[in-house]
Amino acid sequence: SSTSSTSSTSPSSDFLSSIELLVVDRADMMAMQNWSHVETVMEHLNRLPREQHGGDIMRVREWYLSGYARHYRQTVLLSSFLNADMNAALSDLCTNYEGRIRFTREQVGVLSA
């Protein structure tokens, strides 16, 4: 994978580490295609950048440099259903200090009483 290469000429995934709000829309469709790619991206969100990239280091939050970014990032996963892979990703890779909330909508069907 190009994001895991350490060569100086290869593309870097450092830009992913600055994301503070992650929205995974239509996760059910992604689960049917290639969920491991979603997990790989989410793992890279939790890594510290390897280079400074000309940014002002004074603007970086202390909790981020201490490796706590995954505890402060907000993650919204939108799907018509949840499966074991989605639940595992939310439990392992998205552990917000403020907790989590899960909304479900019950569909009233013709067979329900």
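Calculation criteria
- Residues numbered from 1 in each chain as written.
- Predicted model: local features only at pLDDT ≥ 70, side-chain atom pairs only at ≥ 80, totals over all residues.
- Heavy atoms only, no water.
- Helix = DSSP H or I, 4+ residues; strand = E, 2+ residues; numbered from the N terminus.
- Buried < 20%, exposed > 50% of the residue type's maximum accessible area, 1.4 Å probe, protein only.
- Contact = heavy atoms within 4.5 Å.
- Areas by Shrake-Rupley, 256 points an atom, 1.4 Å probe, with all protein chains shown as cover.
- Core = buried A, V, L, I, M, F, W, Y, C linked by side-chain atoms within 4.5 Å.

Asks: Explain the overall build of the chain here, please?
Replies: Looking only at helices and strands, the chain has five helices and two strands in total. Starting at the N terminus and ending at the C terminus, the chain contains elements arranged as β-α-α-α-α-β-α. For the chain, the residues scored as buried account for 22% of the 113 residues in total. The contacts of the chain with a sequence gap of at least 6 include a subset with a gap of at least 24, amounting to 70%. Total accessible area on the chain stands at roughly 8600 Å², and carbon and sulfur atoms take up 53% of it.

Asks: Help me understand unusual backbone geometry, please; the structure alone is not making it clear to me.
Replies: Glycine aside, a negative phi is what most residues show, and trans is what most peptide bonds show. In the Ramachandran plot, Arg26 falls in the positive-phi region, its phi being about 60 degrees despite a non-glycine side chain. Assessed through its relative accessible area of 48%, Arg26 is described here as partly exposed.

Asks: I tried to follow the nonpolar core on my own but got confused; where do I start?
Replies: Considering soluble globular proteins, one finds that nonpolar side chains tend to be buried as a cluster. Residues Ala27, Trp35, Met42 and Leu77 are the most contacted members of the largest nonpolar core, which totals 13 residues. Mapped by element, the contributors of at least two residues to this core are strand S1 (21-24), helix H2 (35-45) and helix H5 (84-93). In this structure, Ala27 is in contact with Trp35, Leu77, Leu78, Ser79 and Met86, ignoring residues within four places of it in sequence.

Asks: Quick question: what am I supposed to make of H2 here?
Replies: At 3.6 residues per turn, the α-helix brings residues three or four places apart onto the same side. Of all the residues in H2, the buried ones are Trp35, Val38, Met42, His44 and Leu45. Tucked inside the fold, the buried residues of H2 contact S1, helix H1 (27-33), strand S2 (74-77) and H5.

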